[in-house]
Amino acid sequence: DDARFLHARDRMDPATLLRMMTTDAAPSLGLAAGGFCFPRGTEAVMAGVAAVDVRGTDPRQSPLERVLNARGNAPLLGRI
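Just so it is clear, the structure is predicted and the values come from calculations on it, not from any experiment. (Residues numbered from 1 in each chain as written. Predicted model: local features only at pLDDT ≥ 70, side-chain atom pairs only at ≥ 80, totals over all residues. Heavy atoms only, no water.)

## Some details on the side chain of Thr-57
Locating Thr-57 in the fold gives a position in the loop between strand 1 (48-50) and helix 3 (63-69). By relative accessible area, Thr-57 is classed as buried at 12%. In terms of polar contacts, Thr-57 uses its side chain to reach the backbone carbonyl oxygen of Val-54, at 2.5 Å. Polar contacts involving the side chain of Thr-57 include one to the side chain of Arg-66, which spans 2.8 Å. Filtering out sequence-adjacent residues up to four positions away, Thr-57 remains in contact with Arg-66, Asn-69 and Ala-70. (Helix = DSSP H or I, 4+ residues; strand = E, 2+ residues; numbered from the N terminus. Buried < 20%, exposed > 50% of the residue type's maximum accessible area, 1.4 Å probe, protein only. Polar contact = N/O pair within 3.5 Å; in protein donor to acceptor, adjacent residues only side chain to side chain. Contact = heavy atoms within 4.5 Å.)

Have a look at this one:
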């Protein structure tokens with residue numbers, strides 16, 4: 001919700017917000033930032049899967065921007 005608020009209020013760049021929520025935030029939570037990076041060509045270890053309903057958002061927007069503009073919650077569908 002904080003990222004959505006910052007995106008709506010300040011029009012913050014979606015990629016910056018994603019970085020703030022993942023790799024930048026990990027150390028403050030005692031987690032390794034590398035656990036939130038998925039470089040191309042490497043195997044990723046996923047901890048779980050969440051879904052965001054983007055119906056009703058502008059399909060011309062990037063997928064990340066559509067997630068930030070969605071109004072619903074992002075439930076955790078399962079842990080891996």
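Picking up after the structure, the text goes on.
## Observations regarding helix 1 (residues 2-10)
Within helix 1, burial applies to Ala-3, Arg-4 and His-7. What you see down the axis of helix 1 is that its buried residues fit within an arc of 100°, all on one side. Turned more than 90 degrees from where helix 1 packs its buried face, Asp-2 and Arg-9 sit exposed. Residues of helix 1 that are buried in the fold lie against helix 2 (14-21) and helix 3. Where helix 1 terminates, the next one or two residues include Arg-11, which has phi positive at roughly 55°. (Arc of directions from axis to C-beta.)

## Topic: the packing of helix 1 against helix 2
Helix 2 packs onto helix 1 with a crossing angle of 155° between their chain directions and a minimal axis gap of 10 Å. As the angle between them shows, helix 1 and helix 2 are arranged roughly antiparallel. Where helix 1 crosses over helix 2, the two elements pack in a sense that is right-handed. Each of Ala-3, Leu-6 and His-7 in helix 1 lies in contact with helix 2, whose residues at this interface are Pro-14, Leu-17, Met-20 and Met-21. Residues belonging to the contact of helix 1 with helix 2 are distributed by class as follows: 6 nonpolar, 1 polar and no charged. (Axes fitted to C-alpha atoms, helices over the stretch in contact; angles between N-to-C directions. Parallel < 35°, antiparallel > 145°, perpendicular 65-115°, else oblique. Left-handed = near helix turned anticlockwise from the far one by under 90°. Nonpolar A, V, L, I, M, F, W, Y, C, P; charged D, E, K, R; others polar.)

## Some points on the pattern of salt bridges
Scanning all chains against the criterion turns up 4 salt bridges. For the salt bridge of Glu-65 with Arg-11, the shortest nitrogen-to-oxygen distance reads 3.3 Å. With Glu-65 in helix 3 and Arg-11 in the loop between helix 1 and helix 2, the pair connects residues that are 54 residues apart, well separated along the chain. Among the residues examined, Glu-65 registers a relative accessible area of 18% and is labelled buried. (Salt bridge = Lys/Arg side-chain N within 4 Å of Asp/Glu carboxyl O.)

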